[in-house]
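Given next are the chains, with one letter for each unit.
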Amino acid sequence: MTSGLRHAVPRPVRLAVSRWLASRHSAAFEQRVADMAAAPGPIIAGPWLGEVGFELLYWVPFLAWCAERFEIAPERWVVVSRGGTASWYRGMASRYADVFDQVTPEEFRAQHDQRVAELGEQKQTRGTAFEERLVVEVARRYGLTTWSLLHPSEMYALMNPFWWGHTDTSWVHRQDRKSTRLNSSHLGISYAVFCLKK
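Within each chain, residues carry numbers counting from 1 in the order of the written sequence. Selection of residues for local features in this predicted model requires a pLDDT of at least 70, selection of side-chain atom pairs for listing and counting requires 80 or more, and totals for whole chains, interfaces and linings are taken over all residues. Note: side-chain values were computed over all heavy atoms of the structure, leaving out hydrogens and water.

Undergrad: If you had to explain the overall build of the chain to someone new, which residues and values would you point to?
TA: Looking only at helices and strands, the chain features eight helices and four strands. Put simply, DSSP marks the helices as runs of H or I at least four residues long and the strands as runs of E at least two long, and each gets a number from the N terminus on. Reading the secondary structure of the chain in the N-to-C direction produces α-α-β-α-β-β-α-α-β-α-α-α. Whether a residue is buried, partly exposed or exposed follows from its accessible area with a 1.4 Å probe, protein chains only, as a fraction of its type maximum: under 20%, in between, or over 50%, in that order. Expressed as a percentage of the 198 residues in the chain, the buried residues total 44%. Contact definition: two residues touch when any of their heavy atoms are within 4.5 Å. Partitioning the contacts of the chain with sequence separation of at least 6, the portion at a separation of at least 24 is 67%. Just so you have it, the chain exposes about 10,300 Å², and 57% of that area is on carbon and sulfur atoms. Here the Shrake-Rupley method, with its probe set to 1.4 Å, supplies the accessible areas, and only the displayed protein chains count as covering residues.

Undergrad: Can you tell me about the environment of Phe108, naming the residues and giving the values?
TA: Within the secondary structure, Phe108 is located in helix α4 (residues 105–119). Judged by its relative accessible area of 13%, Phe108 is buried. With 26 residues separating them in the primary sequence, Phe108 and Arg82 have C-alpha atoms 9.8 Å apart. If sequence neighbours within four positions are ignored, Phe108 has contacts with Leu49, Arg82, Val99, Phe100 and Val103.

Undergrad: Go over the sheet that holds strand β3 (residues 95–98), please, and point to the residues and values.
TA: Strands belonging to one sheet form pairs held by backbone hydrogen bonds; the direction of such a pair is parallel or antiparallel. Only strands joined by at least two bridges in the DSSP assignment are considered to pair. Spatially, the four strands line up as an open sheet ordered β3-β2-β1-β4, and their pairing is parallel. Taken across any chain shown, the strands that pair with only one partner, and hence form the sheet edges, are β3 and β4 (148–150). Between one strand axis and the next, the sheet turns through 25 degrees on average, direction left out of account. Summarising the sheet, strand β2 (residues 77–81) and β3 pair through four bridges and their orientation is parallel. Axes here mean lines fitted to C-alpha atoms, for a helix over just the part in contact, with angles spanning 0 to 180 degrees between N-to-C directions.

Undergrad: Can you break down the nonpolar core residue by residue, with the values?
TA: Remark: nonpolar core denotes a set of buried residues (Ala, Val, Leu, Ile, Met, Phe, Trp, Tyr, Cys) joined through side-chain atoms within 4.5 Å. In terms of nonpolar packing, the biggest core is built from 29 residues, with Phe62, Leu63, Trp77 and Leu150 touching the most fellow members. Only α2 (11–38), β1 (43–45), α3 (52–69), β2 and α6 (152–163) provide two or more residues apiece to this core. Broken down by element, this core gets its largest block of residues, nine residues, from α3. The contacts of Leu150, once residues within four sequence positions are left out, are Phe29, Val33, Met36, Ile43, Ile44, Ala45, Gly46, Trp59, Phe62, Leu63, Cys66 and Trp77. One finds Val78, Val103, Val135 and Leu144 within the second-largest nonpolar core, a separate group that totals 14 residues.

Undergrad: Can you explain the side chain of Arg115? Please cite residues and give values.
TA: Mapped onto the fold, Arg115 is located in helix α4. Under the convention used here, Asp and Glu are negative, Lys and Arg are positive, and both His and the chain ends fall outside the count. One speaks of a salt bridge when a side-chain nitrogen belonging to Lys or Arg is within 4 Å of a carboxyl oxygen belonging to Asp or Glu. No salt bridge is formed by the buried Arg115. Its closest oppositely charged neighbour is Glu131, at 4.3 Å. Each polar contact in these results corresponds to two N or O atoms within 3.5 Å; when the atoms are within protein, one needs to be able to donate a hydrogen and the other to accept it, and residues that are neighboring in sequence are counted only if both atoms are side-chain atoms. Polar side-chain contacts of Arg115 include one of 3.1 Å to the backbone oxygen of Gln122.

Undergrad: Lay out the environment of Glu30 with the relevant residues and their values.
TA: Of note, Glu30 is situated in helix α2. We classify Glu30 as buried; its relative accessible area is 11%. Between the C-alpha atoms of Glu30 and Phe70, which are 40 residues apart in sequence, the distance is 8.8 Å. A polar side-chain atom of Glu30 sits 3.0 Å from a polar atom in the side chain of Arg69.

Rendered as structure tokens:
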């Protein structure tokens, strides 16, 4: 939406459209994860290459919520991150792959800078060729021929409307009723931290 059009459309209308789109995306996301859960193969989660704070505050609880909400057993998860964070996923995922087992810190930094230049931000709002390469290498390492992928961009797309203030806490409470992992108190704290980071 262009700046001129944004100002021409009343804010309540824009927010109503955003909430509608968010509800549609949420339903589509839940269906995708339900399909992953119903499929017999492994689920590769990641690769997480972003900020450590966002990984601990958002990504780890998000994956735990997915695992509980859709009853996905730990042996089906393969988490891909970096910097030795395997213990953060213990109990949820039985397999962990570290990016630094595949690339040097120098290559990681170069790819990080390239991703930021390509996406315009650090957050993994869509996948890149480098990330695809990492996933394929992890699959090869574990002898996987087929797998489902849960990329960080899914979390950002799902949560951004809440973080931006386009949806109210009713979305959070609906998730509360589905799972104890993604609860409103956690999201409230995370949202406060998010605001401080802006």
